[in-house]
Amino acid sequence: MRLAFVPFLAVAVALQPAFCTPSSVLKPRTRTNSLLISPAALPALPSAQQAASASADAGLNLTNIQGDILIGMKKNKELFFFFTIINSTLFRSQLGSGILPLITPTSQLLAVDTQPTTAVNLAFSQRGLTTLDITDDLGDTAFANGQIDNVASILGDETSNWESAFAGTSIHGVFLLASDTVDNVNATLSQIQALLNGSITEAYSLQGQARPADQQGHEHFGFMDGISNPAVTGFSTPLPGQQVIDPGLFLLGETGDTVTRPAWAKDGSFLAFRQLQQRVPEFNKFLVDNALSNPNLTADQNAELLGARMMGRWKSGAPVDLTPTVDDPVLAADPQRNNNFNYSHPGFDLDTDQTHCPFSAHLRKTNPRAGLTPENTANHIIRAGIPYGPEVTDAENASNVSSTDPSLERGLAFVAYQSDINAGFAFLQQFWANNAGYGVDPIIGTDGLGQPDVPRSPSGLDPADPTRIITIEQDFVVSRGGEYFFSPSLSAIQNTLAI
Ligand code: HEM
Ligand SMILES: *[C@@H]1O[C@H](CO)[C@@H](O)[C@H](O)[C@H]1NC(C)=O
Ligand SMILES: *[C@@H]1O[C@H](CO)[C@@H](O)[C@H](O)[C@H]1NC(C)=O
Ligand SMILES: *[C@@H]1O[C@H](CO)[C@@H](O)[C@H](O)[C@H]1NC(C)=O
Ligand SMILES: *[C@@H]1O[C@H](CO)[C@@H](O)[C@H](O)[C@H]1NC(C)=O
Ligand SMILES: *[C@@H]1O[C@H](CO)[C@@H](O)[C@H](O)[C@H]1NC(C)=O
Ligand SMILES: *[C@@H]1O[C@H](CO)[C@@H](O)[C@H](O)[C@H]1NC(C)=O
Ligand SMILES: *[C@@H]1O[C@H](CO)[C@@H](O)[C@H](O)[C@H]1NC(C)=O
Ligand SMILES: *[C@@H]1O[C@H](CO)[C@@H](O)[C@H](O)[C@H]1NC(C)=O
């Protein structure tokens, strides 16, 4: 009898999403199209089979790790719903039977037919954990103190630009709801609010969406984003040039995480959220007004070249290190080649050569690759953000000025995952992007003192004269604030957070 049941059970398990409880009458329909985008330039996710075999070798449990952590910048629509817990007992009692079945683990995102209608992830601020009476020290001071702590001196933010919700004390957690349509996202949010039965209120929300048509996968300045995330041992197979990083840099308690943590925190990750406004018309005007002077290029191409050198990639995604003067869309669309560079070139001195890529380029600032010996393995993040806000309007484009209408604000809903915020996001912003050595990062750098529009003076942007300083009078990226969160494993939600 028992043997006869085995095949039936095996089939049933394979067809069901994880955590089928009686409440999975809410079981999502089977998807026929992905909730993720897949522009050619971005590394493909491992197949479910590849990931199962790699994770088994590394001892990672992909059904225990929330799905957003390892997949990178691939969401089509994503709502960040920040909430306040107003009845913690009720919230905790609804978490296990009500919410947990909706939480999407990594394993469910790797094949279209296992994806839910809307992928749901959930993360808590320190204030949120405290509200739930979870008093264990997770071993991360940045998380424990919250992002607003010393934010001017650490990250360089001017806090008067912060959204009041981020500056206040009401954000206890965030739901990340990802799908291919906003309708789906809205429906899932309603479902969650009903399940939580009034135990939370909205503190703030931000709707992200991939940009339209041929801009899909590009951030608002126009550059393809999400190409150079690290490969993670136990999850992804490295592409040529892709650094391979221990899972413990992103997941607590895994190989490479040396901090002592409570056992239940294993397989969780710290989520650094930032709402980064982008002043797109101002950026475009700057490129036109400061276009480079390569005689072989048109004025438009010289403006594009300046932008590419500030970023380190062309808008297509092609790395300027490999194609310094002209864009190469074929190279850009080839993941076997578009990350295979390290700023080192035979016959050129790595310590002085900026003919290929400026030292100050955003890409090189945030990951110097061969510029550090041995290549850095300590300061890595997985970027998983998404653009927010509408396209530039004709009026803004014509005036060269971003509208002050809040409904026209656009930018990047920046998300970085790491197991140590002060070695991950905060390190990259404070010690590399804001570092005046070679000039601060022309995209995201600030003076590090919390002042707006302090002139920045990167050198190296002009290949004809690398000593020439092109002064940037204005910030093109303005921090509107953010918070640090902990994205717990599914078992932590079940056994520690829920009651
Ligand atoms: C609105 C703000 C930002 C914009 C428009 C932006 C844009 C980009 C673009 C277009 C790329 C190249 C695509 C790729 O290689 O994936 C990139 C790469 C990267 N960015 Fe940003 N970014 C922003 C904020 C940040 C912040 C705040 C950080 C961290 C403090 C950061 C860290 C990185 C890193 C680590 C890389 C990959 C570098 C490499 O591995 O070669 N970015 N960014
Ligand atoms: C993997 O995680 C899931 C979800 O928490 C859990 O049910 C399962 O027992 C775990 N598997 C192993 C082998 O630990
Ligand atoms: C919290 O919810 C529980 C369960 O519904 C209820 O008994 C209790 O009165 C609520 N507490 C407050 C402060 O509203
Ligand atoms: C989704 O919900 C938001 C907030 O309630 C609303 O503004 C928006 O119109 C809704 N979108 C759709 C497509 O239903
Ligand atoms: C909470 O649940 C009860 C019982 O199902 C229901 O009557 C009530 O309307 C719910 N309240 C909220 C705010 O969802
Ligand atoms: C312009 O093209 C000519 C002919 O190919 C080449 O010799 C020269 O180096 C180019 N100039 C620049 C600045 O790239
Ligand atoms: C940089 O990449 C080249 C080409 O792949 C390789 O030969 C070289 O060893 C790398 N340099 C460093 C310092 O990693
Ligand atoms: C912005 O305006 C310029 C002319 O001022 C035009 O060439 C360009 O196409 C416009 N860009 C967009 C995105 O509308
Ligand atoms: C916008 O900037 C461009 C480039 O500097 C300039 O040609 C144009 O006159 C500006 N438009 C306005 C309305 O200032």
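Residues numbered from 1 in each chain as written. Chains lettered and ligands numbered in written order. Predicted model: local features only at pLDDT ≥ 70, side-chain atom pairs only at ≥ 80, totals over all residues. Heavy atoms only, no water.

1. Description of the overall build of the protein chain
Link 1 in the chain: Along the backbone of the protein chain there are 17 helices and 11 strands.
Link 2 in the chain: Relative to the compact-globule value of 23 Å for 499 residues, the protein chain shows a C-alpha radius of gyration of 23 Å, a close match.
Link 3 in the chain: Within the protein chain, the proportion of its 499 residues that are buried is 55%.
Link 4 in the chain: Once local pairs closer than 6 in sequence are excluded, the contacts in the protein chain between residues at least 24 apart make up 75%.
Link 5 in the chain: Accessible surface for the protein chain amounts to roughly 19,800 Å². Of this, 54% is attributable to carbon and sulfur atoms.
Link 6 in the chain: Taking the average place of the 27 positive charges on the side chains of the protein chain and the average place of its 48 negative ones, the gap between the two points comes to 5 Å. (Helix = DSSP H or I, 4+ residues; strand = E, 2+ residues; numbered from the N terminus. Rg over C-alpha atoms; globule rule 2.2 N^0.38 Å. Buried < 20%, exposed > 50% of the residue type's maximum accessible area, 1.4 Å probe, protein only. Contact = heavy atoms within 4.5 Å. Areas by Shrake-Rupley, 256 points an atom, 1.4 Å probe, with all protein chains shown as cover. Lys, Arg positive; Asp, Glu negative; His and termini not counted. Charge placed at Lys NZ, Arg CZ, Asp CG, Glu CD.)

2. As for helix α12 (residues 299-311)
Link 1 in the chain: Counted at 1.5 Å a residue, the expected span for α12 with its 13 residues is 18 Å, and the 19 Å between its end C-alpha atoms agrees.
Link 2 in the chain: In this structure, the buried residues of α12 make contact with α11 (280-289) and α14 (362-366).
Link 3 in the chain: Gly312 occupies a position one or two residues after α12 and carries a positive phi of about 100°. (Expected span 1.5 Å × (residues − 1).)

3. A few points about the coordination of the iron atom of ligand 1
Link 1 in the chain: Among all protein atoms, only His362 (NE2) binds the iron atom of ligand 1, sitting 2.0 Å from it.
Link 2 in the chain: Along the chain, His362 turns up in helix α14. (Donors = N, O, S within 2.8 Å, 3.2 Å for Na, K, Ca; no water.)

4. Concerning the pairing of strand β3 (residues 173-179)
Link 1 in the chain: Most of β3 sits out of view: seven of its seven residues are buried.
Link 2 in the chain: Of the two faces of β3, the one holding Gly173, Phe175, Leu177 and Ser179 and the one holding Val174, Leu176 and Ala178 are both buried throughout.
Link 3 in the chain: Relative to β3, strand β1 (residues 77-85) runs antiparallel, the two being bridged by seven bridges. Residue pairing in the sheet places Lys77 in a bridge with Ser179 of β3.
Link 4 in the chain: As defined by bridge partners, strand β2 (residues 119-124) adjoins β3 across six bridges and the pair is classed as antiparallel. Counted as the bridge partner of Ala119 is Ala178 from β3. (Pairing = 2+ DSSP bridges.)

5. Quick notes on the UniProt feature "domain: DyP dimeric alpha+beta barrel" (unreviewed entry) in the protein chain
Link 1 in the chain: Here, the residues flagged by UniProt with the feature "domain: DyP dimeric alpha+beta barrel" (unreviewed entry) are residues 64-212.
Link 2 in the chain: Between the end C-alpha atoms of residues 64-212 the distance is 33 Å, and the span holds 37% helix and 21% strand. (UniProt positions renumbered as here; feature names shortened; annotations may be inferred.)

6. Considerations on the pattern of salt bridges
A side chain of one charge can pair with a side chain of the opposite charge when the charged atoms of the two come close.
Link 1 in the chain: Per the counting criterion, the structure on display carries 16 salt bridges.
Link 2 in the chain: Close ionic contact of Asp157 with Arg274 constitutes a salt bridge, the shortest N to O distance being 2.8 Å. One end of the pair, Asp157, is in the loop between α8 (151-155) and α9 (164-167); the other, Arg274, is in strand β7 (residues 269-278), and 117 residues separate them in sequence. Of the two residues, Asp157 and Arg274, neither departs from the other in class, the shared state being buried. (Salt bridge = Lys/Arg side-chain N within 4 Å of Asp/Glu carboxyl O.)

7. Topic: the pairing of β1
Link 1 in the chain: The element β1 is largely enclosed, with a buried count of eight among its nine residues.
Link 2 in the chain: Where β1 lies against strand β4 (residues 200-209), nine bridges are found, and the strand directions are antiparallel. The partner of Lys77 across the bridge, within β4, is Gln209.

8. Describing the packing of helix α4 (residues 88-99) against helix α10 (residues 182-196)
If you want to describe how two helices pack, look at the angle between their axes and the distance between the axes.
Link 1 in the chain: Packing of α4 against α10 brings their axes to within 9 Å, and their N-to-C directions diverge by 125°. Relative to α10, the element α4 is oriented oblique. Contacts between α4 and α10 involve Leu90, Phe91, Gln94, Gly98 and Ile99 on the former and, on the latter, Ile192, Leu195 and Leu196.
Link 2 in the chain: Split by residue class, the contact of α4 with α10 holds six nonpolar, two polar and no charged. (Axes fitted to C-alpha atoms, helices over the stretch in contact; angles between N-to-C directions. Parallel < 35°, antiparallel > 145°, perpendicular 65-115°, else oblique. Nonpolar A, V, L, I, M, F, W, Y, C, P; charged D, E, K, R; others polar.)

9. Structural notes on the site of ligand 7
Link 1 in the chain: Close contacts around ligand 7 come from Asn342, Ala370 and Glu375, and that covers them all.
Link 2 in the chain: Between Asn342 and ligand 7, the recorded distance is 2.3 Å, taken from a side-chain N or O atom to an oxygen atom.
Link 3 in the chain: In isolation ligand 7 has 360 Å² of accessible area, and contact with the protein removes 31% of it. (Near = heavy atom within 4 Å. Polar contact = N/O pair within 3.5 Å; in protein donor to acceptor, adjacent residues only side chain to side chain.)

10. Some remarks on the confidence of the model for the protein chain
Link 1 in the chain: In this model, the protein chain carries a mean pLDDT of 93, and residues with pLDDT of at least 70 account for 94%.
Link 2 in the chain: Contacts from residues 1-25, a stretch scored under 50 in pLDDT, to residues over four places away or in other chains number 11 contacts. (pLDDT = per-residue confidence, 0-100.)

11. Looking at the packing of aromatic side chains
Link 1 in the chain: Under the defined criterion, the tally for this structure stands at 25 aromatic pairs.
Link 2 in the chain: An aromatic cluster of three or more residues is present, and its members are Phe80, Phe82, Phe166, Tyr204, Phe273 and Phe485.
Link 3 in the chain: Just above the ring of Phe223 sits the side chain of Lys315; from NZ or CZ to the centre is 6.0 Å. (Phe/Tyr/Trp six-rings, centres within 6.5 Å; stacked < 30°, edge-to-face > 60°. Lys NZ or Arg CZ within 6 Å of the ring centre and 35° of its normal.)

12. Observations regarding α11
Link 1 in the chain: Buried within α11 we find Val280, Pro281, Glu282, Phe283, Phe286 and Leu287.
Link 2 in the chain: Residues of α11 that are buried make contact with β7, α12 and α15 (394-399).

13. Describing the nonpolar core
Link 1 in the chain: Core analysis: the largest hydrophobic core is formed by 118 residues, its most contacted members being Phe80, Phe175, Phe273 and Met310.
Link 2 in the chain: Non-local contacts of Phe80, meaning those with residues more than four positions away in its chain, are made with Val174, Phe175, Leu176, Tyr204, Ser205, Leu206, Phe273, Ile386, Ala413 and Val415.
Link 3 in the chain: One finds Leu35, Leu109, Ala119 and Ala178 within the second-largest nonpolar core, a separate group that totals six residues. (Core = buried A, V, L, I, M, F, W, Y, C linked by side-chain atoms within 4.5 Å.)

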